[in-house]
2 protein chains.
Amino acid sequence: MKNTFPNKRIKNIEKYFKSLRDEICLCFENIEDNIKNVSNAGLKAGKFKKRVWKRGADEGFSSGGGGVVSIMNGRVFEKVGVNISSVMGTFSEEMRNEITGASNNNKFFATGISLVAHMHSPHIPAAHMNLRYIHTTKGWFGGGIDLTPMYGKPDKIKKQFHNALKEMCNKHDSRYYGKFKKWCDEYFYLPHRNEARGMGGIFFDNMEENWDQTFRFTKDVGQTFLNTFPNIVIQEIDKKWTKRQREKQLIKRGRYVEFNLLYDKGTAFGLKTGGNIDAIFMSLPPSVSWL
Amino acid sequence: MKNTFPNKRIKNIEKYFKSLRDEICLCFENIEDNIKNVSNAGLKAGKFKKRVWKRGADEGFSSGGGGVVSIMNGRVFEKVGVNISSVMGTFSEEMRNEITGASNNNKFFATGISLVAHMHSPHIPAAHMNLRYIHTTKGWFGGGIDLTPMYGKPDKIKKQFHNALKEMCNKHDSRYYGKFKKWCDEYFYLPHRNEARGMGGIFFDNMEENWDQTFRFTKDVGQTFLNTFPNIVIQEIDKKWTKRQREKQLIKRGRYVEFNLLYDKGTAFGLKTGGNIDAIFMSLPPSVSWL
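The text that follows walks through the structure, step by step, so that each part is easy to find.

The rules behind each value
- Residues numbered from 1 in each chain as written.
- Chains lettered and ligands numbered in written order.
- Predicted model: local features only at pLDDT ≥ 70, side-chain atom pairs only at ≥ 80, totals over all residues.
- Heavy atoms only, no water.
- Helix = DSSP H or I, 4+ residues; strand = E, 2+ residues; numbered from the N terminus.
- Expected span 1.5 Å × (residues − 1).
- Buried < 20%, exposed > 50% of the residue type's maximum accessible area, 1.4 Å probe, protein only.
- Pairing = 2+ DSSP bridges.
- Axes fitted to C-alpha atoms, helices over the stretch in contact; angles between N-to-C directions.
- Parallel < 35°, antiparallel > 145°, perpendicular 65-115°, else oblique.
- Contact = heavy atoms within 4.5 Å.
- Nonpolar A, V, L, I, M, F, W, Y, C, P; charged D, E, K, R; others polar.
- Disulfide = S-S within 2.5 Å.
- Least-squares fit on C-alpha atoms with pLDDT ≥ 70 in both.
- Salt bridge = Lys/Arg side-chain N within 4 Å of Asp/Glu carboxyl O.
- Polar contact = N/O pair within 3.5 Å; in protein donor to acceptor, adjacent residues only side chain to side chain.
- Phe/Tyr/Trp six-rings, centres within 6.5 Å; stacked < 30°, edge-to-face > 60°.
- Lys NZ or Arg CZ within 6 Å of the ring centre and 35° of its normal.
- Buried area = accessible area lost by both parts, 1.4 Å probe.

## Considerations on helix 1 (residues 7–34) of chain B
- Over its 28 residues, helix 1 of chain B runs 41 Å from end to end, which matches the ideal 40 Å to within 8%, given 1.5 Å per residue.
- Those residues of helix 1 of chain B that sit buried are I10, I13, Y16, F17, L20, R21, I24, C25, F28, E29, I31 and E32 of chain B.

## Concerning the pairing of strand 6 (residues 139–148) of chain B
Residue and element names in this part refer to chain B.
- Extensive coverage of strand 6 is indicated by the burial of ten of its ten residues.
- Alternating positions in strand 6 separate into two faces, G139, F141, G143, I145 and L147 on one and W140, G142, G144, D146 and T148 on the other, with burial throughout.
- Where strand 5 (residues 126–135) and strand 6 come together, ten bridges link them in antiparallel fashion. Each bridged residue has a counterpart across the sheet, and for A126 the counterpart in strand 6 is T148.
- Taking the residues that link successive antiparallel strands as the turn, the strand 5-strand 6 hairpin has three residues.
- Looking at chain direction, strand 6 and strand 9 (residues 201–207) are connected through five bridges and run antiparallel. Bridging across to strand 9, F141 finds its partner in M207.

## Observations regarding the packing of helix 1 of chain B against helix 5 (residues 211–236) of chain B
Residue and element names in this part refer to chain B.
- Running from N to C, helix 1 and helix 5 point in directions that differ by 5°, and their axes come no closer than 11 Å. If you check the angle between helix 1 and helix 5, you find them roughly parallel. Along its contact with helix 1, which presents R9, N12, I13, Y16, L20, E23, I24, C27, F28 and I31, the element helix 5 presents W211, F215, T218, K219, G222, Q223, F225, L226, F229, P230, V233 and I234.
- Tallied by class, the residues present in the contact of helix 1 with helix 5 amount to 15 nonpolar, four polar and three charged.

## Section: unusual backbone geometry
All names here are of chain A.
- A positive phi angle, near 45°, is found at N194, a position not held by glycine.
- Relative to the elements of secondary structure, N194 occurs in the loop between strand 7 (189–190) and strand 8 (195–196).
- Overall, the relative accessible area of 63% leaves N194 in the exposed class.

## Examining the state of the cysteines
- Within this structure, the stated rule accounts for zero disulfides over all chains.
- You can see C27 of chain A has no disulfide; the closest cysteine sulfur is in C25 of chain A, sitting 9.7 Å from it.

## Let's talk about the relation of the copies chain B and chain A
- Of the transformation superimposing chain B on chain A, the axial component is 0.0 Å and the angular component is 180°, with the fit at an RMSD of 0.0 Å. Expressed as an axis order, the relation between the two copies is that of a two-fold axis. Within chain B, the C-alpha atom positioned nearest to the axis of rotation is that of V288 of chain B, 2.5 Å from it.
- Looking at the interface residues of chain B, 100% of them are also at the interface in chain A, so both copies use one shared face.

## Some remarks on the pattern of salt bridges
Residues and elements named next belong to chain A.
- Tallied over the full model, the rule gives 28 salt bridges over all chains.
- As a salt-bridge pair, E29 and K47 come within 4.0 Å of each other at their nearest N and O atoms. Within this pair, whereas E29 is found in helix 1 (residues 7–34), its partner K47 is found in the loop between helix 1 and strand 1 (49–54), the two being separated by 18 residues in sequence.
- Overall, the relative accessible area of 16% leaves E29 in the buried class.

## Things to note about helix 7 (residues 265–272) of chain B
- Among the residues of helix 7 of chain B, the N-terminal cap falls to D264 of chain B, whose side-chain oxygen and the backbone nitrogen of G266 of chain B are separated by 3.3 Å.
- Note on helix 7 of chain B: the residue one or two positions beyond its end, G274 of chain B, has a positive phi of about 65°.

## Remarks on the packing of aromatic side chains
Residues and elements named next belong to chain A.
- Inspection of the entire model under this criterion finds 46 aromatic pairs over all chains.
- Taken together, the aromatic side chains of Y176, F180, W183, Y187, F188, F203, F204, F217, F259 and Y263 make up a single cluster linked through ring pairs.
- The ring of Y256 is capped by R197, whose NZ or CZ atom sits 4.1 Å from the centre of that ring.
- A cation sits over an aromatic face here: K219 above F215, 4.4 Å from the ring centre.

## Let's talk about the side chain of T218 of chain B
- Inspection of the secondary structure puts T218 of chain B in helix 5.
- Aside from chain neighbours lying at most four places away, what touches T218 of chain B is Y16, L131, F141 and F204 of chain B.

## Quick word on the interface of chain B and chain A
- Counting from both sides, the interface comprises 18 residues of chain B and, opposite them, 18 residues of chain A.
- Summing both partners gives a buried area of about 1,800 Å² for chain B against chain A, and 66% of it is carried by carbon and sulfur.
- Ranking the residues of chain B by area buried against chain A places L261, L262 and W290 of chain B at the top, with a combined share of 32%.
- Where chain B packs against chain A, one counts zero salt bridges.
- Run the count over chain B and chain A and you get eleven residue pairs in polar contact (both at pLDDT 80 or more).

Okay, structure coming up:
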């Protein structure tokens, strides 16, 4: 099975995801250390804790691989999780027809990084980033970044975030931003509430045209996350919040849970392929309300 | 369409569900008023608030009906919702093959009462009760009661609750308790965590043998809820709780959310038939944590 996958490319991607994870964790820990005016400065600055997990053979999947979940509960980041993983195995009969390139051969390899940050401050949106490479008989990149405001409509943040995404996309292909923004809006949508999950961002999948180019694009998405979200955090962190704003945030987080458990394909993929529960549910918020 | 349904029987069932709702709400409000030693006695005693909802015609369902959600946020009951509803319409092509008696004729009528109580005290289990009557070309009762402990293993409560259910079931049919307890255990199960939702109870469906007998059984299930759960509340309410016990409760509530959004058929039925979101998500806890 090993030889059917492009091992050298996979090693490069895994190396990149790991270095991106390290850079993000360092950046977030620095924010925790250096910001003194935050409303709950009395709390200890957070540090990431790592949990290694291995994928077991169960539920009829031949399986292997695993990952590392890094979780931090800090004074700025109420809960942030970054998971990197590489898993391989065979898709079930039910799944193979849903996955690109898996209908004749149900072996797969998947590696990815996924991040969700839930902030103490209702003024700072929750952040989500995911980058992944999947190989069946074909190989493709997918992923995206999006932000979910927790209180009000922070137009300034939306503008700076989308401008940065547009500028980055335009360096690669002038059609990307429009296409991937629309995809994101359509994907992160709660039909039962006729409600968008957040302020959007970009979402892409099945990107397999040119390996070097799409890997460069994928890396640029990761870099754009690092160039935008930490700045938004720093810029908003001094704003105080009220009890009522905090309540609104906890209710908005309920929508996040509804989306992830009812509609998210990554969650469903994880549960169906016997993934690690800690890693799959890393995205769920630390504190939530349904009134 | 009207004439294909047993209108007189339906009126009787609706009348019973309404009177059960009134009795439960009155009983819970009395507990709120009369219990003085509760840890958060400083809060105001709760009162139920009613919200009437009508089912709109959308998503290609011909539809009608509606319901009333009664919600109370009190000092003993952190959040309790009781919904009664009667809805009618036609099942979608996708659904008609899944529903008893709907494959030749996709018209349906459904009426029910459903209750979920989340308590302030981690020592009192969350309670769930649902009774329903559905008519397609056939008519049947379904429902059940189950409790979900939030902290530790309250064996005493489990014993008194199951004994009461067993005694009630045995008055109707000596096979009921064993069968319906097993059904409940199998239904309220989280496969992704290999974990039961709670301490079980009883669950029954497609009960259509003899209309008068099954209606009597259904009413007895409602009465057993009234005879057991309020007593458990009163018996446990003086127990103080620690911050750590409260934290455990909030995490356990996360499992409740996972079950309801990932597996509950009532939730899926509601979302698929264009049901009222407030009524469907009434079951979700007021305060939840995922660490």
